[in-house]
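# Structural overview
One letter stands for each residue in the lines below.
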Amino acid sequence: METLAPFKEVIEEIKEAGGEVFKLCFQCGKCDTVCPWNRVRQFSMRKLIRQATFGLTEIDGEDIWRCTTCGRCPEYCPRGVKQIELGVSLRRIATAYEVFPASVKSARTARASLISEGNPLQFDRKKRADWVSANDVAVKPFEEGMEMLYFVGCYLSFDPRMKKVAVATAGILNKAGIDFGILGEKENCCGESIRKTGSENVFKDLARENIKTFVDHGVKRILVSSPHCYHTLKNEYPEFMANFEVVHITQYLLELIESGRLEITGSYEKTVAYHDPCYMGRHNGIYDEPREVLRRIPGLKLVELADNRVDSLCCGGGGGRIWMDTPKEERFSDIRLQQAMDVQAQELATACPYCITNFEESRLNMEIEDVLDVKDITEIVQAVI
């Protein structure tokens, strides 16, 4: 247990940090019922809210960092408590007091890397576009007047597995004749995850720098691969009086297919289950477009997982958890892969770098590499055009 603030100050601190909605809770417990943590261990969001109500002075150092901001509890809360805002407010206080348990230390490392290099993965900013030259992909620097800015994101720029998704995306855009470009080293992390871990000032600095870059380059339409980038650029950057048209790749794929700019010429003779990422589904209501893209592919058999659409099971990577340590026996992603095998899927498809990262790790841990593949939708589409 760590002391976060004196008793007489803590309620005001929670309010100032954005968590005033805690007072609406009447302890019905629905948040605990739907929370994915309670599939792998005991965890109570209701308890955290109750502690806040009484003027929290001490807190289990691990618990305020467990929330993946998946959106399940706000979806079912009858009182509109906005548990995510409360959880983030507690993290802001913990960050201000430098209260971090061992499992969260890596998030501090990510924060330092964001400040120095504009990405959480400790890579040199100047290497942000190296995936282009390394894979001999035809991608230009963005210039004013281009049809689309492709905001690649950190994981697709630096992570070896996710670079394949960036390459697939660029290949599709070129095949469709899209006049697009990237910002390369001028692109920063969108800042979504660091904001959810309580580092508000770091988020604001990243956002302002990105917005200035967009404006300076005359950006109007932004394509993203990450649902987290989508959510942030579309819903949070307007806080800075900046509004751009933001499109997720799954939405754009359907747009290109329906307009005739992208033609599917091959078949894909596999059974595929689709996983709804939290920040596409519950947070932004994007359920139909990715499924419709998959349905347009000849030979592909689309099957639904046990928990789908609004009830989709979180992969465990949101809320900054992608940077934190999670014991093997507590990984939601293992449950998700088992659900895919339960419906005899040969591939588990999704459209989020965090989901793919967690699913690939679970695939190795569960030793099912020969049973189930994990694919981004763009990788599937690239194979049939």
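Because the structure is predicted, anything quoted here is derived from the model rather than measured.

## Here's the deal with the nonpolar core
Grouped together as the largest cluster of nonpolar side chains are 120 residues, with contacts concentrated most on Trp131, Phe214, Ile222, Leu233, Leu262, Ile297 and Val381. No other element matches the seven residues that helix α9 (residues 160–175) contributes to this core. Beyond its immediate sequence surroundings of up to four residues, Ile222 is in contact with Met148, Leu149, Phe151, Phe214, Leu233, Phe244, Glu245, Val246 and Val247.

## Some words on the side chain of Ser113
Tracing the backbone shows Ser113 in helix α6 (residues 105–117). For Ser113, a relative accessible area of 5% gives the class buried. The residues touching Ser113, leaving out its near neighbours within four places in the chain, are Gly118, Asn119, Pro120, Leu121, Gln122 and Phe123.

## Examining the sheet that holds strand β11 (residues 373–376)
Pairing is parallel in the open sheet, where four strands are placed in the order β9-β8-β10-β11. Looking at the sheet topology across the chains shown, the edges are occupied by β9 (301–304) and β11. The average angle at which neighbouring strand axes cross in this sheet is 35°, direction not considered.

## A closer look at unusual backbone geometry
Most peptide bonds adopt trans geometry, and most residues besides glycine take a negative phi value. At Thr69, a residue that is not glycine, the phi angle is positive and equals roughly 55°. Along the chain, the position of Thr69 falls in the loop between β2 (58–59) and α4 (72–76). Despite not being glycine, Glu367 has its phi angle at roughly 55°, a positive value. Positionally, Glu367 belongs in the loop between α16 (353–365) and β11. Under the relative-accessibility criterion, Glu367 is labelled exposed at 66%.

## Describing the environment of Tyr287
Note on placement: Tyr287 falls in the loop between β8 (271–274) and α14 (288–295). For Tyr287, a relative accessible area of 14% puts it in the buried group. In this structure the C-alpha to C-alpha distance between Tyr287 and Pro277, which are ten residues apart in sequence, comes to 9.3 Å. Contacts of Tyr287, omitting those with residues within four sequence positions, involve Asp276, Gly281, Arg282, Arg309 and Val310. A distance of 3.2 Å separates a polar atom in the side chain of Tyr287 from the backbone nitrogen of Arg282.

## Quick word on helix α15 (residues 332–342)
Residues spaced three or four apart along an α-helix face the same direction, because each turn holds 3.6 residues. Along α15, the residues classified as buried are Phe332, Ser333, Asp334, Arg336, Leu337, Gln339 and Ala340. Each element contacted by the buried residues of α15 is listed here: β10 (347–350) and α16. At the C-terminal side of α15, Gln344 shows a positive phi close to 60°.

## Things to note about the sheet that holds strand β4 (residues 148–151)
The five strands lie next to each other as β3-β5-β4-β6-β7, forming an open sheet whose pairing is parallel. The sheet terminates laterally at β3 (140–141) and β7 (245–248), the two strands that pair on one side only. By the bridge criterion, two bridges tie β4 to strand β5 (residues 180–182) in an arrangement that is parallel. Counterpart to Met148 in the pairing with β5 is Phe180. Helix-sheet contacts for α9 involve β4, β5 and β6 (221–224), and the interaxial angle to β5 is about 155°.

## Brief notes about the packing of aromatic side chains
Evaluated as defined, the whole model comprises nine aromatic pairs. With 6.0 Å between their ring centres and 75° between their planes, Phe151 and Phe214 make a pair best called edge-to-face. Taken together, the residues Phe151 in strand β4 and Phe214 in helix α11 (residues 200–216) connect sequence positions 63 residues apart. Between Tyr155 and Tyr354, the ring centres sit 5.4 Å apart and the planes meet at 75°, which makes this aromatic pair edge-to-face. Residue Tyr155 is found in helix α8 (residues 154–158), and its partner Tyr354 is found in helix α16; the two are separated by 199 residues along the sequence. Joined through ring pairs, the aromatic side chains of Phe151, Phe214 and Phe244 make up one cluster. Geometry around Trp37 places Arg66 over its ring, the cationic atom sitting 5.4 Å from the centre.

## Re the domain arrangement of the protein
Domain assignment breaks the protein into domain 1 (8–99), domain 2 (105–254) and domain 3 (266–383). Counting residues at the interface gives 17 residues for domain 1 and 21 residues for domain 3. Both sides together, the interface formed by domain 1 and domain 3 hides about 1,600 Å², and carbon and sulfur atoms give 57% of it. Contact with domain 3 buries area across many residues of domain 1, yet Arg39, Val40 and Thr68 alone supply 32% of it, more than any other trio. Linking domain 1 with domain 3 are three salt bridges. Glu330 is the salt-bridge partner of Arg41, the closest N and O atoms lying 3.3 Å from each other. Run the count over domain 1 and domain 3 and you get eleven residue pairs in polar contact (both at pLDDT 80 or more). The set of elements that each furnish at least two residues to the side of domain 1 that touches domain 3 consists of α4 and α5 (83–96). Counting residues per element, the side of domain 1 that touches domain 3 draws most heavily on α4, which supplies three residues. Tallied by class, residues from the side of domain 1 that touches domain 3 come to eight nonpolar, three polar and six charged.

The rules behind the values
Residues numbered from 1 in each chain as written. Predicted model: local features only at pLDDT ≥ 70, side-chain atom pairs only at ≥ 80, totals over all residues. Heavy atoms only, no water. Core = buried A, V, L, I, M, F, W, Y, C linked by side-chain atoms within 4.5 Å. Buried < 20%, exposed > 50% of the residue type's maximum accessible area, 1.4 Å probe, protein only. Helix = DSSP H or I, 4+ residues; strand = E, 2+ residues; numbered from the N terminus. Contact = heavy atoms within 4.5 Å. Pairing = 2+ DSSP bridges. Axes fitted to C-alpha atoms, helices over the stretch in contact; angles between N-to-C directions. Polar contact = N/O pair within 3.5 Å; in protein donor to acceptor, adjacent residues only side chain to side chain. Phe/Tyr/Trp six-rings, centres within 6.5 Å; stacked < 30°, edge-to-face > 60°. Lys NZ or Arg CZ within 6 Å of the ring centre and 35° of its normal. Domains from an automatic or database assignment. Buried area = accessible area lost by both parts, 1.4 Å probe. Salt bridge = Lys/Arg side-chain N within 4 Å of Asp/Glu carboxyl O. Nonpolar A, V, L, I, M, F, W, Y, C, P; charged D, E, K, R; others polar.

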